[in-house]
Amino acid sequence: MTIRLRAHHLLCLLTYVGKGYSPAFTANYDGIAKRLGRGEDILLVSGPDDVCAPLLEDPEPHCLGESATERDRQAAADLGDLLARPTRIGDRLDLDSATLARMREAFSAGLVRKACEGCGWNALCGTVAAGGYRDIRVRRSALPGKR
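Calculation rules
- Residues numbered from 1 in each chain as written.
- Predicted model: local features only at pLDDT ≥ 70, side-chain atom pairs only at ≥ 80, totals over all residues.
- Heavy atoms only, no water.
- Helix = DSSP H or I, 4+ residues; strand = E, 2+ residues; numbered from the N terminus.
- Expected span 1.5 Å × (residues − 1).
- Contact = heavy atoms within 4.5 Å.
- Salt bridge = Lys/Arg side-chain N within 4 Å of Asp/Glu carboxyl O.
- Buried < 20%, exposed > 50% of the residue type's maximum accessible area, 1.4 Å probe, protein only.
- Core = buried A, V, L, I, M, F, W, Y, C linked by side-chain atoms within 4.5 Å.
- Phe/Tyr/Trp six-rings, centres within 6.5 Å; stacked < 30°, edge-to-face > 60°.
- pLDDT = per-residue confidence, 0-100.
- 1 Å grid on protein atoms, 1.4 Å probe; cavity = no way out; pocket = protein on both sides within 12 Å on 5 of 7 lines; lining within 4 Å.
- Points joined across faces, edges and corners; volume = space filled by probe spheres on them.
- Nonpolar A, V, L, I, M, F, W, Y, C, P; charged D, E, K, R; others polar.
- Axes fitted to C-alpha atoms, helices over the stretch in contact; angles between N-to-C directions.
- Parallel < 35°, antiparallel > 145°, perpendicular 65-115°, else oblique.
- Left-handed = near helix turned anticlockwise from the far one by under 90°.

Looking now at helix H4 (residues 97-108). For H4, which comprises 12 residues, the first-to-last C-alpha distance of 16 Å matches the rise-based estimate of 16 Å (1.5 Å per residue) to within 8%. Looking at the packing, one finds that the buried side of H4 touches helix H1 (9-12), helix H3 (66-83) and helix H5 (122-130). Gly110, located one to two residues past H4, shows a positive phi value of around 80 degrees.

Listed below in structure tokens is the structure:
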């Protein structure tokens, strides 16, 4: 299967430690983290994605807002620069251990965090990064298929 993610969630997954908007959101994200750890690929999408799914029944889901769309635009640009390739809707990505490490290093250095400005989770993500990503849930082993 393929995991559908919007661009700014490529940054969010770097520091996901099991905290979220609701128990349903967290349970869903935990499932996505496990799938990513098993090596499922990612399809970059526009708008609400698999992470957003539990929030779409809310009266005014922020996933549909302009701020989320702007975060996607900025994250795609920053990650495209980091990965030395365009990051566009419809692209498929494999986040192997080396790519995740490179993304986390850039995140810690502040090189891919423009999309995080104004996000309510920014402080938590900064704390996770400063702590060496100790309790993160999205991990890949160096060898595909090994955990």
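The next thing to look at is the pattern of salt bridges. What the rule picks out here adds up to 10 salt bridges. The closest approach of N and O atoms between Arg6 and Asp72, which form a salt bridge, is 2.7 Å. Here Asp72 lies in helix H3 and Arg6 lies in the loop between strand E1 (2-5) and H1, a separation of 66 residues in the sequence. Accessibility classification places Arg6 together with Asp72 in one group, the buried group. Measuring nitrogen to oxygen at the nearest pair gives 2.7 Å for the salt bridge that ties Asp30 to Arg137.

Now for the nonpolar core. Membership of the largest hydrophobic core comes to 39 residues, with the highest contact counts inside it found for Leu10, Leu11, Leu13 and Phe107. Residue assignment for this core shows that the elements contributing at least two residues are E1, H1, helix H2 (23-37), strand E2 (41-44), H3, H4 and H5. If you tally residues by element for this core, the top one is H2, at 5 residues. Setting aside chain neighbours within four positions, we find Leu11 in contact with Ala75, Leu79, Val112, Ala115 and Cys116.

Looking now at the packing of aromatic side chains. Inspection of the entire model under this criterion finds 4 aromatic pairs. Ring centres of Tyr21 and Phe25 lie 5.0 Å apart, and the angle between their planes is 85 degrees; on these two criteria the pair is classed as edge-to-face. Judged by relative accessible area, which is 43%, Tyr21 ranks as partly exposed. Ring centres 5.3 Å apart and planes at 90 degrees place the aromatic pair Tyr21 and Trp121 in the edge-to-face group. Pair noted here: Tyr21 is in the loop between H1 and H2 and Trp121 is in the loop between H4 and H5, with a separation of 100 residues, a long-range link. Through successive ring pairs, a cluster of aromatic residues spans Tyr16, Tyr21, Phe25, Tyr29 and Trp121.

Glancing now at the confidence of the model for the protein. Averaged over the protein, the pLDDT score is 93; the fraction of residues at 70 or greater is 96%. Scored below 50 in pLDDT, residues 143-147 makes 4 contacts in the model with residues more than four places away or belonging to other chains.

Considered as a void within the structure, the largest pocket measures approximately 460 Å³ in volume. Around the largest pocket sit 30 residues that line it, and His9, Cys12, Tyr21, Cys119 and Trp121 are the ones nearest its centre. Broken down by secondary-structure element, the contributors of at least two residues to the lining of the largest pocket are H1, H2, H3 and H5. Of the residues contributing to the lining of the largest pocket, the split by class is 19 nonpolar, 8 polar and 3 charged.

This next bit is on the packing of H3 against H4. It is at 11 Å that the axes of H3 and H4 come closest, and there the two elements cross at 120 degrees. Between H3 and H4, the interaxial angle falls into the category oblique. Two packed elements cross with a definite hand, and for H3 against H4 that hand is right-handed. Residues Leu79, Leu82 and Leu83 of H3 lie in contact with H4, whose contacting residues are Thr99, Arg102, Met103 and Ala106.

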